[in-house]
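Residue-level structural notes
Read off the chains here:
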Amino acid sequence: MPALRRLLALPRALRHGASVGAGLPPEEALVLDAPAPGLRDVLAAAGGGDLRPAAELLADTRLGARWELRSEYAAGLASFALRHPGRLDAWLREDPDDPDALLVRADLCVHRARALLAADRAGHASRERSEAAAALLRDGVPVLRAAAEAAPADPVPWRVAVDHAAGLRAPREVFDAYWEQAVARAPHHYGCHAAALRYLCDAGRDAPGEAFDFAERAAEDALPGSLLNSLPLTAAVEHLVVAGRKPDAAVTPSRIDAAIDRAAELSAHYGPGDPEAAGFRNELALLLAVRERWEESLEQFRAVGVHVRSRPWDRLGDPLREFAGFRTGARTQVASRVPFFGAPPSPSARHGGTGGDARAGTRNRPGARKRSGPREAGRRQPYVLALCAAPPAEVARAAPASGAALRLAPAGDGRLTWVEAAGGPAAGGSRQGRAGPAGEDPLTAAAESFTAGEGWPVLVLHRDGDRAGVALVREGGQQACHRWDPASRIPDFAEASRTARALASAFGVEDARPLTAVLRSNGFPAARRQEEALTALGLPPPPQEYGRTARTLEDVPGAHLLRELPAPAGPGSTAAAGGGRTPARPARPTGTHPTGTRPAGTRPPSARWWAPRAAAALVLLVAAGHAWWEWGRGGPGVLRPLLLTGAALYLSGRPAGALLGARARLAVARTAPPEAVAPGDAGADGPGRGGPDGVPGARAGDGARGPAEHDAP
């Protein structure tokens, strides 16, 4: 019976999988253990040899008594020093008594030992390696003592001391002494509590209830929105995932569910994609999946965005692979539970979706930190610009299929076209402040729509502070992407070469090796690397205003706004607004858009749309044939073959209808007169500007127009 249920759920999963997974970034865009936003510039400077920003950053947190940030930044710098040996040595040696340098050195000792002990916990380390880790921790005792003495009011050295005790498996009285010093300086410090919970979980394997009690007491005393509310969830992960235990008398299922519900309430205080919430959201998504609360798990995966953390996934295997596997499993489970002819709820209507709500990018909790940069509802907006390998007239014919307001401008002597989103506050790709090709920003979504059925590619550029990226969109889907991030790892040669070949092939470049070198260069400065990639592809650089304003193309010569044209009542009909005339168009199939596609607001089908429907139709056709064969031999009633036949015909009709619509759109696009949509229509005001108002196809005497017709709101 379970096998039969899975087989019957397969058509539902295939039908609803894409819509249920809306808003989930692709696997290649996931980032593992990205540093805190405040550390990005500091680590980029340290990678270039400038250590002053790191010293100034930690000094600022110490003088301002910002202990949570200090703990996070010290751990980030220690992790950076572990991955890049020698980069911070000059700073750490320059002033042996500097409390900030001492703190990083002490935390570095713990990080080095933890790297060895992590392999030991996985069962792959030798006894000698474990002894080496213990020796590293013992060597760090003088440094740890010096860091605590250099800044007596600082609780962070005592957080490091608690981690140190956990690594050495120190006696309980040693831990109690360290813990007493930590809470005396900061009673509600999350970093100190998290370190104490790690010690209790490691030391209390035979008594897991003690760690749960500690976590629940800390959460009860915490303010709403404090990260301390996630400690019971961490204790549950330690019990179920790390220790591999089942709920028992000490850790009951109701206790685990209460920890999950408390963490879900905490998640509501953060906007989707917030890196500060990524740690407990990764744990929450996993634990919800373990408890088979699939829809809630999928919403947390959506809220995580691209920010994958090693913990807890490294306890199961490769973190990125495990994260992607569990996310796919949650999406499949949710899709298989939606009725075949039903509609799954929109992700934007549920918590954590990408549609945005009043909470997006804001945190309703005391002490919310502010960040710098251009903002929309408190979040940074990435700048997004697309370059189409087609002249403006051809892009203008295809663009209405996206149902979006776009601004076009000629590029490359008129052979290419710049495009930017021009409508609403989300223009420019502010999809919850996420940057790079990972996000499904409005412009990328529009490019996926209007490239379906076209032969030319689109290169979408993203830029967000010190990060930049490119994405190749072609034939209705994203085919390759790359991001330059100073704080992320450099891609290996095979990965960069594969991306470079895809980009070079799309734009007719024979030698992809220069582009491969650009993709493998470090991401500092990312904007320069992005321009170097354009040069390697033989493409023009972006306009000078790109990265400074959301309306990059507004003042570019030949730029104009292209809005979706409504379906005219007949040839030569008059537009309702402004008295402007809609040029006559060829007759089109009944029920189609003027471009021959489906109505505005729906996206033409891509390869990801075709494949599951065609496969499901084939499976159902075979199953229906087999059912009719059994019925003809005197098998069970006729209801089963009738249902299978109806389902097969329904699924077969969807791709067939889409194919006919695509063919009709292509036929109309080939026969439509250029003056109907061509932005480069040469009128009395000269080439490239259209009519007297710079509107494509407008003529003097066409009547006045309102500003809302052709200008972005």
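Our subject in this report is the structure included herewith. (Residues numbered from 1 in each chain as written. Predicted model: local features only at pLDDT ≥ 70, side-chain atom pairs only at ≥ 80, totals over all residues. Heavy atoms only, no water.)

One pass over the full model with this rule turns up nine aromatic pairs. When the centroid spacing of 5.5 Å and the interplanar angle of 70° are considered together, the rings of Trp179 and Phe214 count as edge-to-face. With Trp179 in helix H10 (residues 172–185) and Phe214 in helix H12 (residues 208–220), this residue pair connects regions lying 35 residues apart in the sequence. Given a relative accessible area of 9%, Phe214 falls into the buried group. Between Phe301 and Phe323 the ring centres are 5.1 Å apart and the planes differ by 75°, which places this aromatic pair in the edge-to-face class. With Phe301 in helix H16 (residues 294–304) and Phe323 in helix H18 (residues 319–336), this residue pair connects regions lying 22 residues apart in the sequence. Classification of Phe323 by relative accessible area gives buried; the value is 0%. (Phe/Tyr/Trp six-rings, centres within 6.5 Å; stacked < 30°, edge-to-face > 60°. Helix = DSSP H or I, 4+ residues; strand = E, 2+ residues; numbered from the N terminus. Buried < 20%, exposed > 50% of the residue type's maximum accessible area, 1.4 Å probe, protein only.)

In this section: the pairing of strand E10 (residues 477–484). Within E10, six of the eight residues are buried, which leaves it mostly tucked inside the rest of the structure. Relative to E10, strand E9 (residues 467–474) runs antiparallel, the two sharing seven bridges. In the strand pairing of E10, Val470 is matched with His482. Here E9 folds back onto E10, and the loop between the two strands holds two residues, one of which, Glu475, carries a positive phi near 55°. (Pairing = 2+ DSSP bridges.)

Cis geometry marks the peptide bond from Arg311 to Pro312; its omega dihedral reads 10°. Inspection of the secondary structure assignment puts Pro312 in helix H17 (residues 310–313). Phi angles above zero are rare outside glycine, and Asp33 is one such case at about 55°. By relative accessible area, Asp33 is classed as partly exposed at 36%. In this model, Arg169 sits at a positive phi of 55°, which is unusual for a non-glycine residue. By the secondary structure assignment, Arg169 is in the loop between helix H9 (156–168) and H10.

Before going further, it helps to examine the packing of helix H14 (residues 253–267) against helix H15 (residues 278–290). Two elements in contact, H14 and H15, have axes whose closest approach is 10 Å; the angle formed by their N-to-C orientations is 135°. The angle between H14 and H15 falls in the class oblique. Of the two possible hands of crossing, H14 and H15 adopt the one that is left-handed. Packed against H14, whose contacting residues are Ile256, Ile260, Ala263, Ala264, Leu266 and Ser267, the element H15 presents Phe280, Arg281, Leu284, Leu287 and Leu288 at the interface. Looking at the contact of H14 with H15, its residues break down into nine nonpolar, one polar and one charged. (Axes fitted to C-alpha atoms, helices over the stretch in contact; angles between N-to-C directions. Parallel < 35°, antiparallel > 145°, perpendicular 65-115°, else oblique. Left-handed = near helix turned anticlockwise from the far one by under 90°. Contact = heavy atoms within 4.5 Å. Nonpolar A, V, L, I, M, F, W, Y, C, P; charged D, E, K, R; others polar.)

Burial in helix H8 (residues 141–150) covers these residues: Val143, Leu144, Ala147 and Ala148. Buried residues of H8 fall within an arc of 135° about the axis and therefore sit on the same side. (Arc of directions from axis to C-beta.)

This part takes up the sheet that holds E9. Read across the open sheet, the seven strands follow the order E10-E9-E8-E5-E7-E6-E11; overall the sheet is antiparallel. Of all strands in the sheet, those with a lone pairing partner are E10 and strand E11 (560–562), marking the two edges. Strand after strand, the sheet turns through a mean of 25° between neighbouring axes, direction not considered. Two elements, strand E8 (residues 458–464) and E9, share seven bridges in a ladder whose sense is antiparallel. Of the residues in E9, the one forming a bridge with Val458 is Val473. Here helix H23 (residues 526–536) sits on the sheet in contact with E8, E9 and E10, set at roughly 165° to E8.

Take the environment of Glu510 next. As for its placement among the helices and strands, Glu510 is situated in the loop between helix H21 (493–506) and helix H22 (513–520). Taking the C-alpha atoms as reference points, Glu510 and Leu537, 27 residues apart in sequence, are found 9.6 Å from one another.

This paragraph deals with the nonpolar core. The biggest cluster of nonpolar side chains holds 72 residues, and the ones touching the most others in it are Leu197, Ile256 and Leu287. Every residue in contact with Leu197, bar those within four places of it in the chain, is listed here: Ala211, Phe214, Ala215, Leu231, Thr234 and Ala235. The next biggest cluster of nonpolar side chains, apart from the first, holds 33 residues, and it includes Leu385, Val470, Leu539 and Val556. (Core = buried A, V, L, I, M, F, W, Y, C linked by side-chain atoms within 4.5 Å.)

Orientation of helix H3 (residues 52–63) relative to helix H4 (residues 67–83), taken along the N-to-C sense of each, is 155°, at an axis distance of 8 Å. In terms of orientation, H3 and H4 fall into the roughly antiparallel class. Between H3 and H4 lies a crossing of left-handed hand. Touching Ala54, Leu57, Leu58, Thr61 and Arg62 of H3 are Trp67, Leu69, Arg70, Tyr73, Ala74 and Leu77, all from H4. Looking at side-chain class alone, the contact of H3 with H4 contains eight nonpolar, one polar and two charged residues.

The subject of this paragraph is a nonpolar patch on the surface. There is a patch of nonpolar side chains on the surface, built from Trp628, Trp631, Val638 and Leu642 and spanning about 360 Å² of accessible area. Structurally, Trp628 is set in helix H24 (residues 607–632). Judged by its relative accessible area of 31%, Trp628 falls in the partly exposed class. (Patch = residues over 30% accessible without salt bridge, like charges linked within 9 Å, V, L, I, M, F, W, Y side chains within 5 Å. Areas by Shrake-Rupley, 256 points an atom, 1.4 Å probe, with all protein chains shown as cover. Salt bridge = Lys/Arg side-chain N within 4 Å of Asp/Glu carboxyl O.)

In the structure shown here, the tally under the stated rule is 27 salt bridges. For Arg293, the salt bridge is made with Asp261, and the minimal N-O distance between the two is 3.0 Å. Linking Arg293 in the loop between H15 and H16 with Asp261 in helix H14, this pair joins segments that are 32 residues apart in sequence. Residue Asp464 is joined to Arg467 by a salt bridge in which the shortest nitrogen-to-oxygen separation is 3.1 Å. This pair shows no difference in class: Asp464 is buried, exactly as Arg467 is. Each of Asp257, Asp261, Arg291, Arg293 and Glu296 takes part in a single network of salt bridges with overlapping partners.

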